[in-house]
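Breakdown of the fold
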Amino acid sequence: MTKADIVVLGAGLGGISMVFDLKAELGKNHRIILVNKTESFQFTPSNPWVGVGWREKGDITIELAPLMKKHGIDFVQASAKKLHPEDNRIEMEDGSSVGYDYLVIATGPELAFDEVEGLGPDGHTQSVCTVDHATRANVAFEAFCADPGPIIVGAAQGASCYGPAYEYAMILDKELRNRKIRDRVPMIFVTAEPYVGHLGLGGVGDTKGMLEHEMRQRSVRWITNAKVEKVEAGTMTVSELNDDGTEKTKHALDFKYSMMLPAFRGIGAVRDIEGLVNPRGFIIVDKHQRNPKYPNIFGIGVAIAIAPLEKTPVPTGVPKTGYMIESMVLATARNIKALLEGREARDEATWNAFCLADFGDRGVAFLAQPQNPPRNVNWASEGMWVHLAKVAFEKYFLRKVRKGITETYYESAIMKMLAMHKLK
Ligand SMILES: Cc1cc2nc3c(=O)[nH]c(=O)nc-3n(C[C@H](O)[C@H](O)[C@H](O)COP(=O)(O)OP(=O)(O)OC[C@H]3O[C@@H](n4cnc5c(N)ncnc54)[C@H](O)[C@@H]3O)c2cc1C
């Protein structure tokens, strides 16, 4: 067997797991190259904690170059500018190129702040999507606490990742209570979802009831079916739609601090490559995580195309969470191994959704198997244990990355969760 070059583009939750799984499957027989635009891996699920100062960047990031060297994986720090799939080559922003025999695209989302006037850290709202955004959100939060006022948290039209918006609203509430200034902060949650707890999944178990309950307990008002028209300094203009898509009310909401999650799209380097991506730039994959037009290209994580669950008055997307990403990683590693050994790619990911939404002192967990209803497991639960579990998961995942182990941490966590559930 000749030595193949397998390039993993993106070192987030998916890409970092991918290189270790490939290493475990392929050993030293092939060259594994990790390409990432930043020098570090970041544990994205902890970013909301960075936004309130409960974590710092250094707590949840790991430098990639020494880590990859230790594990015998090549690392290239560069930003992909344009993929040339016909030439099996990625052109980088710095003018260099990286060639491949097999490519795994794990570049997560491009954050589409530009789709709403004034949205995002270069406009008037904060973000916790990246650790750098969350660090800026924390600086702004500290300034806000010196002179508090109204807060808006939520997710804009087309967003697909709602869990972190709920998390951030609740942990802000907790931190403001810790500082004894919560009484000076009216809070409102603004979301594209048709109802609280929809989560892009049509709800899971009683997430609607649980999340509404949490918001009522914490004096957080909400607007659903919300389309953010524009954001100006201190004012967000929001259209609240009826179920038939017509406008019900227009709101001009005052705020002194706001964190809004944007819609996601695929990165510029792959956008508009016919047959590789959908109109939003997400990688088209078959059930083996493989692109039908370019069969030596695989896609994993947030970068891949998954059709929305249902038509909602304001567009909502489907979340791609850690549990399903881990299952995509494992299937992809096994499929690449099979192809290198002259066999067919047969492994399939499970694509189930699991989430621990931390609220700072308690939280809500849910498991959807399969992701879309009707489901075999449609379970949601709440309590202080969710907060403790999330803290433990962060530690566990960072350990997994540091040690380069291939443990599927979501899988084992879910097994424990189900065992607990049965004990109830
Ligand atoms: C704030 C937040 C909290 C979340 N919390 C949870 C949670 O608690 N549980 C859960 O299951 N899911 C959670 N998710 C959803 C999901 O698990 C994460 O988004 C996860 O990080 C996605 O992994 P990924 O590998 O697909 O993408 P990412 O982790 O975003 O990684 C993409 C990588 O690609 C790199 N990259 C991007 N463009 C280029 C380029 N042009 N060239 C080179 N490299 C590039 C980036 O630098 C990054 O390292 C959360 C998402 C967000 C945004």
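In this text, all values refer to a predicted model and were calculated from it rather than measured experimentally.

1. Describing the pairing of strand β9 (residues 102-105)
Burial of the side chains of β9 extends over both faces: Tyr102 and Val104 are buried on one face and Leu103 and Ile105 on the other. Where strand β1 (residues 5-9) meets β9, 4 bridges bridge the pair, whose relative direction is parallel. For Ile6, the partnering residue across the bridge sits in β9 and is Tyr102. Bridge count for β9 against strand β19 (residues 297-299) is 3 bridges, and the pairing is parallel. Its bridge partner lying in β19, Leu103 is registered against Ile297.

2. Here's the deal with the site of the ligand
Around the ligand, the surrounding shell holds 32 residues, and the nearest of these are Gly14, Asn36, Val302, Gly322 and Lys390. Contact distances for the ligand include 3.3 Å between an oxygen atom and a backbone N or O atom of Leu13. Between the ligand and Lys390 there is a distance of 2.4 Å, counted from an oxygen atom to a side-chain nitrogen or oxygen. Look at the ligand: alone it shows 980 Å² of surface, and the protein chains cover 91% of it.

3. Observations regarding the sheet that holds strand β11 (residues 151-155)
Pairing is parallel across the open sheet formed by 4 strands, whose spatial order is β13-β12-β11-β17. If you trace the sheet from one side to the other, it starts and ends with β13 (220-223) and β17 (257-261), each paired once. On average, each strand axis in the sheet is inclined to that of its neighbour by 15°, with strand direction left out of account. Where β11 and β17 come together, 5 bridges link them in parallel fashion. Residue pairing across strands places Ile151 opposite Tyr257, the latter belonging to β17.

4. Description of the packing of helix α1 (residues 13-26) against helix α8 (residues 384-403)
Across the interface, α1 lies against α8 with an axial gap of 10 Å and an inter-helix angle of 45°. Between α1 and α8, the angle falls in the class oblique. Considering how the two elements wind past one another, α1 and α8 form a crossing that is left-handed. Packed against α1, whose contacting residues are Leu13, Ile16, Ser17 and Phe20, the element α8 presents Phe397, Lys400 and Val401 at the interface. Residue composition of the contact of α1 with α8, by class: 5 nonpolar, 1 polar and 1 charged.

5. Here we look at helix α4 (residues 131-146)
Taking 1.5 Å per residue as the helical rise, α4 with its 16 residues ought to reach 22 Å, and the 23 Å between its terminal C-alpha atoms agrees with that figure. Among the residues of α4, Val131, His133, Ala134, Ala137, Asn138, Phe141, Phe144 and Cys145 are the ones counted as buried. Buried residues of α4 fall within an arc of 140° about the axis and therefore sit on the same side. Opposite the buried face of α4, by more than 90 degrees, sit the exposed residues Val139, Ala143 and Ala146.

6. Here's the deal with the domain arrangement of the protein chain
As far as domains go, the protein chain holds domain 1 (5-109 + 265-349) and domain 2 (113-263). The gap between the C-alpha centroids of domain 1 and domain 2 is 29 Å. The junction of domain 1 with domain 2 conceals about 2400 Å² of combined surface from both sides, 60% of it contributed by carbon and sulfur atoms. On inspection of domain 1 and its partner domain 2, the count reaches 4 salt bridges. Linking domain 1 with domain 2 are 13 residue pairs in polar contact (both at pLDDT 80 or more), by the criterion used here. Per-element accounting of the side of domain 1 that touches domain 2 gives the leading share, 5 residues, to helix α2 (residues 47-51).

7. A few points about the UniProt feature "domain: FAD/NAD(P)-binding" (unreviewed entry) in the protein chain
Taken from the UniProt record, the annotation "domain: FAD/NAD(P)-binding" (unreviewed entry) applies to residues 5-301. Between the C-alpha atoms that bound residues 5-301 there is a distance of 21 Å. The span itself is 23% helix and 29% strand.

Quick notes on the rules
- Counting from 1, residues in each chain are numbered in the order their sequence is written.
- Thresholds applied to this predicted model are a pLDDT of at least 70 for local features of residues and 80 or more for the giving and counting of side-chain atom pairs; totals over whole chains, interfaces and linings are not thresholded and use all residues.
- In computing side-chain values, all of the structure's heavy atoms are included and hydrogens and water are not.
- Throughout this description, buried means an accessible area under 20% of the type-specific maximum (1.4 Å probe, protein chains only), exposed means over 50%, and partly exposed covers the range between.
- In this description a helix means any DSSP run of H or I spanning at least four residues, a strand means any run of E spanning at least two, and both kinds are numbered starting from the N terminus.
- Each pair of strands is called paired provided DSSP finds at least two bridges between the two strands.
- Any residue with a heavy atom lying within 4 Å of a molecule or strand is counted as near it.
- Distance and chemistry together define a polar contact, namely a pair of N or O atoms within 3.5 Å, with one atom able to donate a hydrogen and the other to accept it when in protein, and with adjacent residues in sequence counting only for side-chain atoms on both sides.
- Accessible surface is estimated by sampling points in the Shrake-Rupley manner with a 1.4 Å probe; for residues, cover comes only from the protein chains shown.
- Simply put, an axis is a line fit to the C-alpha atoms, just over the touching stretch for a helix, and the angle between two N-to-C directions goes from 0 to 180 degrees.
- Oblique is the label for every angle not falling under 35 degrees (roughly parallel), over 145 degrees (roughly antiparallel), or within 65 to 115 degrees (roughly perpendicular).
- Rotating anticlockwise by less than a right angle from the far helix to the near helix defines a left-handed crossing, while the corresponding clockwise rotation defines a right-handed one.
- Contacts between residues were defined by any pair of non-hydrogen atoms, one from each residue, lying within 4.5 Å.
- Polar here means any residue other than Ala, Val, Leu, Ile, Met, Phe, Trp, Tyr, Cys and Pro, which are nonpolar, and Asp, Glu, Lys and Arg, which are charged; Gly is therefore polar.
- A helix is expected to span 1.5 Å multiplied by its residue count minus one.
- The arc in question is the one traced by the directions running from the helix axis out to the C-beta atoms.
- Domain segmentation is taken from an automatic or database assignment of domains.
- Buried surface area refers to the total accessible area, computed with a probe of radius 1.4 Å, that the two partners give up upon joining, counted for both partners together.
- Only one rule defines a salt bridge in this text: a Lys or Arg side-chain nitrogen within 4 Å of an Asp or Glu carboxyl oxygen.
- UniProt positions are given in the numbering used here, feature names are shortened, and annotations may be inferred rather than shown by experiment.

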